[in-house]
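# Secondary and tertiary structure notes
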Amino acid sequence: GRNGKWDKGRRDDGFNRNGKSNDVKKEETAQDRYFKEIFSQFRDEIDDRHDRSERVVKLSRDITIESKRIIFHLHRIEDNREAIIEDVEARLEDVKRNLWIQVAHELKDQDHFQFLKNYRDGLQEWIEALSFYHYIQHKNLISWEQVQDQLIFPSSDETDFNALKEPAIDEKEPVTDHQDPVTDQQEPVTDQQEPATQ
């Protein structure tokens, strides 16, 4: 107040006694609306990338766990070679058809280098399991091209991916018949600049 008296309905900090600003509210301009829309798009893109990263991390964790189990299983190959090899082949195929295909779809039309750290651990452990199995079966090291081929999914696998996410129904729309793999560049989900083994 001034001279020990309160000015009616006014404070020196620019707010009235009800806590409301004394400034007149500015009318929203076209420029304000434009920038709000732009930043809203940025927010949606960041949220989508964060959610996608979380899903890829969870898939990578599942791939890592199952790959470790496969490696441990292969260490007992002398117990019953034929049965263990058959089981490992089924489990490797299961990882590919139920986990890697989901990673591939998450990275479709994305810059997969931005998500590399999210699935790197799963990739390394899976390559170790695949290489161990390949060596036991063929007595030689698996090539980079052979690993790469495992992670390319043609369009015919679209139905398999949809089956993982949707309940089975009697009628479904036909999958578009084209030869493009999951990624537009016809690349696997792996980083081609890295060696097959770490």
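Remember, it's a predicted structure, so these values are computed and weren't measured experimentally.

Scoring rules and cut-offs
Residues numbered from 1 in each chain as written. Predicted model: local features only at pLDDT ≥ 70, side-chain atom pairs only at ≥ 80, totals over all residues. Heavy atoms only, no water. Axes fitted to C-alpha atoms, helices over the stretch in contact; angles between N-to-C directions. Helix = DSSP H or I, 4+ residues; strand = E, 2+ residues; numbered from the N terminus. Parallel < 35°, antiparallel > 145°, perpendicular 65-115°, else oblique. Left-handed = near helix turned anticlockwise from the far one by under 90°. Contact = heavy atoms within 4.5 Å. Nonpolar A, V, L, I, M, F, W, Y, C, P; charged D, E, K, R; others polar. 1 Å grid on protein atoms, 1.4 Å probe; cavity = no way out; pocket = protein on both sides within 12 Å on 5 of 7 lines; lining within 4 Å. Points joined across faces, edges and corners; volume = space filled by probe spheres on them. Salt bridge = Lys/Arg side-chain N within 4 Å of Asp/Glu carboxyl O. Buried < 20%, exposed > 50% of the residue type's maximum accessible area, 1.4 Å probe, protein only. Core = buried A, V, L, I, M, F, W, Y, C linked by side-chain atoms within 4.5 Å.

## As for the packing of helix α1 (residues 30-74) against helix α3 (residues 116-138)
In a pair of packed helices, the angle between the axes and the distance between the axes together describe the arrangement. Look at α1 against α3: their axes get within 7 Å of each other, and the N-to-C directions meet at 25°. Regarding the angle of α1 to α3, the classification is roughly parallel. In terms of crossing hand, the pair formed by α1 and α3 is left-handed. Residues S53, V56, V57, S60, I63, T64, S67, K68, I70, I71 and L74 of α1 touch α3, and the partners they reach there are N118, Y119, D121, G122, E125, W126, E128, A129, F132, Y133 and I136. Its residues assigned to classes, the contact of α1 with α3 comprises 12 nonpolar, 6 polar and 4 charged.

## Brief notes about the layout of surface pockets
Remark: the empty space left among the atoms is shown by a probe the size of a water molecule rolled over them. Quantified by volume, the largest pocket comes out at close to 200 Å³. Around the largest pocket, the lining residues are E89, L92, E93, L130, Y133, H134, H138, I142, Q146 and Q150. For the lining of the largest pocket, the secondary-structure elements that each account for two or more residues are α2 (81-107), α3 and α4 (144-150). Of all the elements, α3 adds the most residues to the lining of the largest pocket, at 4 residues. For the lining of the largest pocket, the per-class residue count stands at 4 nonpolar, 4 polar and 2 charged.

## As for the pattern of salt bridges
This structure, assessed with the given rule, holds 9 salt bridges. E106 is the partner of R52 in a salt bridge, and the nearest nitrogen-oxygen pair spans 3.3 Å. Of this pair, R52 sits in helix α1 while E106 sits in helix α2, and the two are 54 residues apart along the sequence. There is no split in this pair, since R52 and E106 are both buried. Residue E93 is joined to R97 by a salt bridge in which the shortest nitrogen-to-oxygen separation is 3.0 Å. With E93 and R97 both in helix α2 and 4 residues apart, this pair spans about one turn of that helix. Exposure remark for R97: the relative accessible area of 26% places this residue in the partly exposed category.

## Points about the nonpolar core
Judged by nonpolar contacts, the single largest core of 32 residues is most densely connected at W100 and W126. Looking at this core, the elements with two or more residues in it are α1, α2 and α3. The element that contributes the greatest number of residues to this core is α2, accounting for 11 residues. Filtering out sequence-adjacent residues up to four positions away, W126 remains in contact with I63, S67, L92, V95, W100, V147, Q150 and L151.

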